[in-house]
Amino acid sequence: MKLTIIGTGYVGLVTGACFAEVGHRVICVDNDAAKVKTLQAGGIPIYEPGLEEMVRRNVAAGRLSFTNDTAEGVANSDVIFLAVPTPPQPDGSVDLSFIERVAREIAGAMTTYKIIVDKSTVPVQTGDKVAETIKRYCKAKVEFDVVSNPEFLREGFAVEDLMKPDRIVIGVKTQRPVPAMKEVYQPFNAPIIVTDINSAELIKHASNSFLALKISYINAISVICEATGANVQEVANGMGMDERIGKRFLNASLGFGGSCFPKDLSAFIKIAEELRYDFGLLKEVQRINSGQMDRFLKKIIDTLWVLKGKKIGVLGLAFKQNTDDVRMSPAIELCHRLQKEGAELRVHDPKAMDKAKALLKDVTYVDEMNAVADGCDALVIATEWEEFKQLDLERARKSLSHPILFDGRNLFDPARMEQLGFIYKSIGR
Ligand SMILES: NC(=O)c1ccc[n+]([C@@H]2O[C@H](COP(=O)([O-])OP(=O)(O)OC[C@H]3O[C@@H](n4cnc5c(N)ncnc54)[C@H](O)[C@@H]3O)[C@@H](O)[C@H]2O)c1
């Protein structure tokens, strides 16, 4: 099929590459001229495992191309996906100006029937607004359908998630776009759920809020574990073996972050408020999450006492493993809070250092993870990169002024760390 994706970021680029991979012909549009130039020259502006090779392969096969001209994408496609940002506003509500602008641009370029699919995460009832906007701004009297098709990919596993989705949600007002949408997704062999547009939009916010809730739940349990000498990993394992609960998203940590959970939670709370429902449960999820960061910082201060003038090594800057994304990263927030206490930081991340440099200043960026501890008073693990488990602990123990390690991601075994001579503080154990 002929498809266009408007917005070539973490969602748009991976979606475009995966659609091309299964044989569709895809145009990726972005209004960031530098990004499009990079892509046209064979570069990849983000890190996502497996993405680079997939983009190369499909560009070479002539199935994937990049442009900053929305009209070109609209003219040459049957189905147009929106994957533009929906960032939070200061009051927690969603900034829908990117969506509205693209809706107007599409309207201005349409000359034949089109299916306009929203993949961005939006508040319930946004589909109706998009349809109204297109109708208002479309000069040519052509028919169109607006579809909601929320995206559930995880950054760091996006290619895998896109190629093997758990489910595809298609929200429609009429049945007319359903066959085309099924054709788009048929090669992915996933269950397809067709709903009304409002339900599809709600499925996304309800899912992300639920996942955030699950993380906050185990983080709250971690506090009880610390107060009683229990081990949160054993508790999570025992809970997770119950199929009704499941093991995933039960890792206690210094809290969740990233470009999705925090903003989707505050958006959902705000949407509920506008519908005159006080979603207190989700407010508590936020409160527990920010409490985890406070508690972790307190652990560091209680142990090291005065941070002013102390050197601290921080491993991890991305908001989670396998990505270079630092938007709303708890690791960056932790660094800022340590700096506020007067600590000097030596930091490392396998993929996120370039992007972190825009947000985190006055620190020493260290290229090699084993060199981070050199000359430091303590080491902190802030992101759960698999490779941090291979840290040269003997070297770290020797290079730290005192062998103190704060593990915000529970990567190491406390008994072994003690055996190795570390003062080791993790979460809920
Ligand atoms: N990142 C994720 O893990 C994830 C997962 C599921 C859903 N989502 C949702 O998908 C949407 C996009 O998220 P993202 O992380 O890919 O954002 P992103 O910032 O990485 O990418 C968005 C892209 O859209 C481009 N853009 C903005 N305005 C444009 C316009 N008028 N025309 C063309 N391009 C334009 C930007 O330049 C940018 O490249 C958001 O609503 C987000 O909530 C994200």
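Above this note sits the structure.
Values in this document were obtained by computation on a predicted structure and should not be read as measured data. (Residues numbered from 1 in each chain as written. Predicted model: local features only at pLDDT ≥ 70, side-chain atom pairs only at ≥ 80, totals over all residues. Heavy atoms only, no water.)

Student: Give a description of the overall build of the protein chain that names residues and reports values.
Tutor: Of the regular secondary structure elements, the protein chain holds 16 helices and 14 strands. Relative to its length of 429 residues, the protein chain is compact, with a C-alpha radius of gyration of 23 Å against a globular reference of 22 Å. Evaluated residue by residue, the protein chain yields a buried proportion of 53% over its 429 residues. Long-range contacts, defined here as pairs at least 24 residues apart, represent 72% of the contacts in the protein chain between residues at least 6 apart. Total accessible area on the protein chain stands at roughly 19400 Å², and carbon and sulfur atoms take up 52% of it. (Helix = DSSP H or I, 4+ residues; strand = E, 2+ residues; numbered from the N terminus. Rg over C-alpha atoms; globule rule 2.2 N^0.38 Å. Buried < 20%, exposed > 50% of the residue type's maximum accessible area, 1.4 Å probe, protein only. Contact = heavy atoms within 4.5 Å. Areas by Shrake-Rupley, 256 points an atom, 1.4 Å probe, with all protein chains shown as cover.)

Student: Could you give an account of the side chain of Ser209, with specific residues and numbers?
Tutor: Following the sequence through the fold, Ser209 ends up in helix α9 (residues 197–228). By relative accessible area, Ser209 is classed as buried at 2%. Separated by 2.8 Å, the side chain of Ser209 and the backbone oxygen of His205 make a polar contact. Residue contacts for Ser209: discarding those within four places in its chain leaves Asp264, Leu265, Phe268 and Leu282. (Polar contact = N/O pair within 3.5 Å; in protein donor to acceptor, adjacent residues only side chain to side chain.)

Student: Pulling in residues and values, what's your account of the site of the ligand?
Tutor: Residues in close proximity to the ligand total 26 residues, the closest being Asp30, Lys35, Thr86, Glu155 and Lys263. For the ligand, an oxygen atom lies 2.6 Å from a polar atom in the side chain of Lys35. Contact distances for the ligand include 2.6 Å between a nitrogen atom and a side-chain N or O atom of Glu155. If you list the elements that add at least two residues to the shell around the ligand, you get α1 (10–21) and α5 (97–109). For the shell around the ligand, a count of residues per class yields 10 nonpolar, 8 polar and 8 charged. (Near = heavy atom within 4 Å. Nonpolar A, V, L, I, M, F, W, Y, C, P; charged D, E, K, R; others polar.)

Student: Account for the nonpolar core, naming residues and giving values.
Tutor: By size, the foremost hydrophobic cluster in this structure holds 59 residues, and its most contacted members are Ile300, Ile312, Val314, Leu334, Leu338, Leu345 and Leu379. Beyond its immediate stretch of four places on either side in the chain, Leu338 contacts Leu297, Ile300, Leu307, Ile312, Val314, Ala343 and Leu345. With 40 residues, the next largest nonpolar core counts Ile44, Val117, Val147 and Tyr185 among its residues. (Core = buried A, V, L, I, M, F, W, Y, C linked by side-chain atoms within 4.5 Å.)

Student: Could you give me a rundown of the packing of aromatic side chains, with the residues and numbers involved?
Tutor: Each aromatic ring pair is characterised by the separation of its centres together with the angle its planes make. According to the stated counting rule, one finds 8 aromatic pairs in the structure shown. Here Phe19 and Tyr185 contribute two aromatic rings whose centre-to-centre distance is 5.6 Å and whose plane-to-plane angle is 75°, an arrangement assigned as edge-to-face. Residue Phe19 is located in helix α1, and its partner Tyr185 is located in helix α8 (residues 178–185); the two are separated by 166 residues in the primary sequence. Of the two residues examined, Phe19 and Tyr185, each falls in the buried class. Note on Phe249 and Phe261: the rings are 6.2 Å apart at their centroids and 55° apart in plane angle, and the pair reads as tilted. A residue pair is termed long-range when its members are at least 10 positions apart, and Phe249 in the loop between α10 (232–240) and α11 (261–274) and Phe261 in helix α11 qualify at 12 residues. An aromatic cluster is defined as three or more aromatic residues linked by ring pairs; in this entry it consists of Phe19, Phe81, Tyr185 and Phe188. Above the ring of Tyr137, the side-chain terminus of Arg104 is found at 5.7 Å from the ring centroid. Across the ring face of Tyr113, the terminal group of Arg176 is positioned such that the distance to the ring centre comes to 3.6 Å. (Phe/Tyr/Trp six-rings, centres within 6.5 Å; stacked < 30°, edge-to-face > 60°. Lys NZ or Arg CZ within 6 Å of the ring centre and 35° of its normal.)

Any link to function would need more than the numbers given here.
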